[in-house]
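# Chain and residue survey
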Amino acid sequence: QYELASLLYRAGEIEEAAELYRSILATFDGLDNDSSLSESKITFLIEFLVNCPLTQFRDPERALKLSNRLLQQHPLSDEGWFLHGMVEYRRKNIDEAIESLNKARTLSQSMANSINVSYFLAMSHHQRGDVDEARRWSEKARTDADGRSGLSIVHDFPIQEEVDRVLGNSRETNQDAKLEVEDKP
């Protein structure tokens, strides 16, 4: 369902994508405290709750509870700290976001070179008002993306386009009009 929702979203079929995103969330209803929920499903749900391109499906407070649970179970998880950084960014706790993202970078070389970590550091530094540092992280992400086959973005959410909007980069995007769709019960 997720892949189809992403394709529909990118094709401009926003209502259809919203229906699928809504269905995806419904599959997780009541499972946040379920001990049988796998780490990969928790990870997916956190990413979805903070980065869904249709912002009415975002829920950073719910994601925070899941992120804390993940870090409690795996305190040295580079991915756990990355996810926590994304959550704190969405909660507008910028200092905590930067701290968590940097911790993820120190825990593994793959996170130190992660395009996604660089993009979230760029947006976080921009929100803090450090435009030069934000541009430095944005450029690092773009440089790291060069030479790789395809741009790695979190579960195919349009993070690069968001970075461009946040930092005021001149790239034109057609996503601006797609970010909100009226949520139906």
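Keep in mind that this is a model prediction, so the values were computed, not measured. (Residues numbered from 1 in each chain as written. Predicted model: local features only at pLDDT ≥ 70, side-chain atom pairs only at ≥ 80, totals over all residues. Heavy atoms only, no water.)

## Topic: the packing of helix α2 (residues 14-27) against helix α3 (residues 39-51)
Orientation of α2 relative to α3, taken along the N-to-C sense of each, is 135 degrees, at an axis distance of 11 Å. In terms of their interaxial angle, α2 and α3 are classed as oblique. The way α2 lies across α3 gives a crossing that is left-handed. In this structure, α2 contributes Y21, I24 and L25 to the contact, and α3 contributes F44, L45, F48 and L49. Per-class residue counts for the contact of α2 with α3 are seven nonpolar, no polar and no charged. (Axes fitted to C-alpha atoms, helices over the stretch in contact; angles between N-to-C directions. Helix = DSSP H or I, 4+ residues; strand = E, 2+ residues; numbered from the N terminus. Parallel < 35°, antiparallel > 145°, perpendicular 65-115°, else oblique. Left-handed = near helix turned anticlockwise from the far one by under 90°. Contact = heavy atoms within 4.5 Å. Nonpolar A, V, L, I, M, F, W, Y, C, P; charged D, E, K, R; others polar.)

## Section: unusual backbone geometry
With phi around 70 degrees, K92 is a residue other than glycine that occupies positive phi space. By secondary structure assignment, the location of K92 is in the loop between α5 (78-90) and α6 (94-107). Classification of K92 by relative accessible area gives exposed; the value is 68%. (Buried < 20%, exposed > 50% of the residue type's maximum accessible area, 1.4 Å probe, protein only.)

## Quick notes on helix α8 (residues 115-128)
In an α-helix, one full turn covers 3.6 residues, which means residues spaced three or four apart are oriented alike. An ideal rise of 1.5 Å per residue puts 20 Å on 14 residues; α8 measures up with 20 Å between its terminal C-alpha atoms. Most of α8 is tucked away: eleven of the 14 residues are buried. Those residues of α8 lying buried are I115, N116, V117, S118, Y119, F120, L121, A122, M123, S124 and H125. Here α8 starts with a cap whose side-chain oxygen sits 3.2 Å from the backbone nitrogen of N116, and that cap is S114. Backbone geometry just downstream of α8 places G129 in the positive-phi region, at approximately 100 degrees. (Expected span 1.5 Å × (residues − 1). Polar contact = N/O pair within 3.5 Å; in protein donor to acceptor, adjacent residues only side chain to side chain.)

## Here we look at the side chain of S67
With respect to the element layout, S67 can be found in helix α4 (residues 60-73). Residue S67 is classed as buried on the basis of its relative accessible area of 1%. Every residue in contact with S67, bar those within four places of it in the chain, is listed here: I46, G80, L83, H84 and V87.

## A short note on the side chain of K140
By secondary structure assignment, the location of K140 is in helix α9 (residues 131-145). A polar side-chain atom of K140 sits 3.4 Å from the main-chain carbonyl oxygen of A112.

Any functional reading would require information beyond the geometric quantities listed.
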